[in-house]
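# Chain and residue survey
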Amino acid sequence: MQIMVPANCNGAWACYAWDMKDHIANIIDPSAGQIDEDFIVMMHSSTIRLLGLCLSYCVANLFTGWDLDLGDFKKVIRLSDRPCHRSDSGIYTLYCLKNFEGTSKIHTSEVSYTH
């Protein structure tokens, strides 16, 4: 089971997917390109921490006996095969939300979008 949340991070949209079974926090940033992964984690760290706190709060209020510590989740960067421009990141993030299956590559090259 995955819990997926889109969020605007530093002016571009990204998707955060928590894999509850494998304890992985996926950072899906379609505009990141081939940037250093440590830099991407740093860039998203405050957003994923805040979303994780909110998610833990929701779980604690909705479920009894489910002790969720998202801080223990391994953070994994999921890069797209064709990075997009920041101004197009919203539509690409929606595509990632719909099609992400936990694999290492996001195939955004299938997105056909013109403004």
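First, a word on scope: everything that follows refers to the structure included in this document. Keep in mind it's a predicted model, so treat the numbers as computed, not measured. (Residues numbered from 1 in each chain as written. Predicted model: local features only at pLDDT ≥ 70, side-chain atom pairs only at ≥ 80, totals over all residues. Heavy atoms only, no water.)

## Details of the overall build of the chain
Quick note on the threshold: The helix count covers DSSP runs of H or I at least four residues long, the strand count covers runs of E at least two residues long, and both are numbered beginning at the N terminus. Here the term buried applies to any residue with accessible area under 20% of the maximum for its type, exposed to any over 50%, and partly exposed to those in between, with areas from a 1.4 Å probe on protein chains only. The criterion used for residue contact is that any of the two residues' heavy atoms lie within 4.5 Å. Residue exposure ignores everything except the shown protein chains as possible cover, and the areas themselves are Shrake-Rupley values with a 1.4 Å probe.
When helices and strands are counted, the chain shows 2 helices and 5 strands. When the helices and strands of the chain are read in sequence order from the N terminus, they spell out β-β-β-α-β-α-β. Among the 115 residues that make up the chain, the fraction classed as buried is 42%. Intrachain contacts of the chain at a sequence separation of at least 6 include 61% that bridge at least 24 residues. When the accessible surface of the chain is split by element, carbon and sulfur atoms take 55% of a total near 6,900 Å².

## Things to note about the packing of aromatic side chains
Quick note on the threshold: Each Phe, Tyr or Trp ring, with Trp reduced to its six-membered ring, pairs with another whose centre is within 6.5 Å; inter-plane angles below 30 degrees give stacked pairs, above 60 give edge-to-face pairs, and intermediate values give tilted ones.
One pass over the structure, following the stated rule, counts 1 aromatic pair. Taking 5.3 Å as the distance between ring centres and 70 degrees as the angle between the ring planes, the aromatic pair formed by Phe63 and Trp66 counts as edge-to-face. Since its relative accessible area comes to 31%, Trp66 is described here as partly exposed.

## Description of the state of the cysteines
The cut-off we apply is this: The definition used for a disulfide is geometric: two cysteine sulfur atoms within 2.5 Å.
One pass over the structure, following the stated rule, counts 0 disulfides. Cys54 takes part in no disulfide bond, and the closest cysteine sulfur, belonging to Cys58, lies 6.9 Å away.

## Remarks on the environment of Ser46
Along the chain, the position of Ser46 falls in helix α1 (residues 37–62). The class of Ser46 is partly exposed, set by a relative accessible area of 45%. Taking the C-alpha atoms as reference points, Ser46 and Cys9, 37 residues apart in sequence, are found 9.1 Å from one another.

## Quick look at the pairing of strand β1 (residues 2–9)
What counts, and what does not: Here, strands pair whenever DSSP counts at least two bridges between them.
Taken together, the 8 bridges between β1 and strand β2 (residues 12–19) define a ladder with antiparallel strand orientation. Bridged to Val5 within β2 is Tyr16.

Honestly, it's all geometry; don't read function into it.
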